[in-house]
Amino acid sequence: MQQPDVFSAAVDPEAQDETVVLIVDDVPTNIQILADILKEDYRVLFATSGEQALNIAATREPDLILLDVMMPGIDGFTVATRLKEDPLLRDTPVIFVTAMGEVEDETRGFEVGAVDYITKPVSPPVVRARVRTHLELKHQRDLLRRIALVDGLTGIANRRQFDESLDREWRRTQRQGAPLSLIMADIDYFKGYNDHYGHGDGDTALRAVAQTLKAQMRRPTDIAARYGGEEFVCILPETPLEGAEEVAERIRHAVEALAIPHAASPDAPCLTLSLGVATAVEPTKASQKSLLTLADRALYEAKQAGRNRVCSKTLYSKTLASSEPPDANEEIS
Ligand SMILES: [Mg+2]
């Protein structure tokens, strides 16, 4: 039986884009000097103030930041502190670039999260070496993190990655005022499948379904994850209900088209999937859990209505209060 290639599954092609270094200094000449040293090897962005640095960091998510300490307005220490407060940026390595004697107390920089110091006037080999070292460390951390976020059996995102991605995409869509959709999917009569064919074939079927879901994620921000057991979940940011229904129907059809025989299913000759779609029209801080609950309920309805189908629901901000959780005793298979 072929094991999923965890390594290649973990390495998102999006992550292999060019490496981006952000240089922050209120003196343009200083930026020019550093940019000349680094521009051969990296994509270099620059900011001439703390405010601008925070804006660029939030939108471009650089791989490393070279940060001047003394700047009018928001100084380097404050920029580093703010970066640490942002979950998307807190792991971005920050190297402080300071003039001799400019910073009395270097420990303060490390306290606010800097990984290193470089002193001005800068030496090109030192800049190159330090930047390369910290980028390598970051890439190793990123890789380990990505492996830890992959489901070992199926090679797609695991529950932990789902939780983290939902948090992140929720915040993003909330900022943009865009809708966000979830698809909950569950293999029909999977217990019967395992009982009839054995767990080896059960695992093979789980992999096939997982890869089919993943193949239907067409945009880099769409994520398919194993939610647990034979249950899967997809996050579709900036996707209205109709769009999510289309994706769900495509997934349902693709799983049916795998034509995996299921002799133990009372409804169909092959393995099928039931899917519940839920869309938050306006994601709010309070509604994240409600959306999951609603997707779960839509999935339950799809099961009740005869399986191998898609049911959907919409979460409006005003229906939030009435979205009570479904009966915990409701069993689905
Ligand atoms: Mg300065």
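If you look the protein up in an unreviewed UniProt entry, it shows as diguanylate cyclase from Vreelandella vilamensis. As recorded by UniProt, the Catalytic activity (unreviewed entry) comment attached to the protein reads in full: "2 GTP = 3',3'-c-di-GMP + 2 diphosphate".

Chemist: Would you mind going over the pattern of salt bridges with me for this structure?
Modeler: When the charged atoms of two side chains with opposite charge come close together, those side chains can pair. This model, assessed by the stated rule, comprises 20 salt bridges. Close ionic contact of glutamate 61 with arginine 172 constitutes a salt bridge, the shortest N to O distance being 2.7 Å. On the criterion of sequence distance, the pair formed by glutamate 61 in the loop between helix 3 (50-60) and strand 3 (64-68) and arginine 172 in helix 7 (residues 159-176) is long-range, its members being 111 residues apart. Judged by its relative accessible area of 34%, glutamate 61 falls in the partly exposed class. Put simply, lysine 120 and aspartate 68 hold a salt bridge, and the shortest N to O gap is 3.2 Å. Residue lysine 120 is found in strand 5 (residues 116-120), and its partner aspartate 68 is found in strand 3; the two are separated by 52 residues along the sequence. The same class applies to lysine 120 and to aspartate 68, which are both buried. A network of salt bridges, in which partner residues are shared, links Asp25, Asp68 and Lys120.

Chemist: Sorry, what's going on with the sheet that holds strand 7 (residues 223-228) here?
Modeler: Adjacent strands of a sheet pair through backbone hydrogen bonds, lying either parallel or antiparallel. Taken in spatial order, the five strands line up as 7-8-6-9-10 in an open sheet, and their pairing is mixed. Of all the strands in the sheet, the pair left with one neighbour each is strand 7 and strand 10 (310-315). The mean angle between the axes of side-by-side strands here comes to 20°, regardless of whether they run parallel or antiparallel. Relative to strand 8 (residues 231-237), strand 7 is paired through five bridges, and the arrangement is antiparallel. Within the sheet, the bridge partner assigned to isoleucine 223 lies in strand 8 and is isoleucine 235.

Chemist: Would you take a moment to explain the packing of aromatic side chains for this structure?
Modeler: Working definition: an aromatic ring pair is given by the centre-to-centre distance plus the angle between the planes. All chains considered together, the criterion is met by six aromatic pairs. Taken together, a centroid distance of 5.4 Å and an interplanar angle of 80° make the contact between phenylalanine 77 and phenylalanine 96 edge-to-face. One end of the pair, phenylalanine 77, is in helix 4 (residues 76-85); the other, phenylalanine 96, is in strand 4 (residues 94-99), with 19 residues separating them in the sequence. In this pair, the class of phenylalanine 77 matches that of phenylalanine 96, namely buried. Ring plane angle 90° and centroid distance 5.5 Å describe the contact between phenylalanine 162 and tyrosine 227, whose orientation is recorded as edge-to-face. Here phenylalanine 162 is found in helix 7, whereas its partner tyrosine 227 is found in strand 7, with 65 residues between them in sequence. In this structure, phenylalanine 162 and tyrosine 227 share a single accessibility class: buried. Among the aromatic side chains, those forming a connected cluster through ring pairs are Phe77, Phe96, Phe110 and Tyr117. Directly above the ring of tyrosine 227 sits arginine 159, whose terminal nitrogen or CZ lies 3.8 Å from the centroid.

Parameters at a glance
- Residues numbered from 1 in each chain as written.
- Predicted model: local features only at pLDDT ≥ 70, side-chain atom pairs only at ≥ 80, totals over all residues.
- Heavy atoms only, no water.
- UniProt positions renumbered as here; feature names shortened; annotations may be inferred.
- Salt bridge = Lys/Arg side-chain N within 4 Å of Asp/Glu carboxyl O.
- Helix = DSSP H or I, 4+ residues; strand = E, 2+ residues; numbered from the N terminus.
- Buried < 20%, exposed > 50% of the residue type's maximum accessible area, 1.4 Å probe, protein only.
- Pairing = 2+ DSSP bridges.
- Axes fitted to C-alpha atoms, helices over the stretch in contact; angles between N-to-C directions.
- Phe/Tyr/Trp six-rings, centres within 6.5 Å; stacked < 30°, edge-to-face > 60°.
- Lys NZ or Arg CZ within 6 Å of the ring centre and 35° of its normal.

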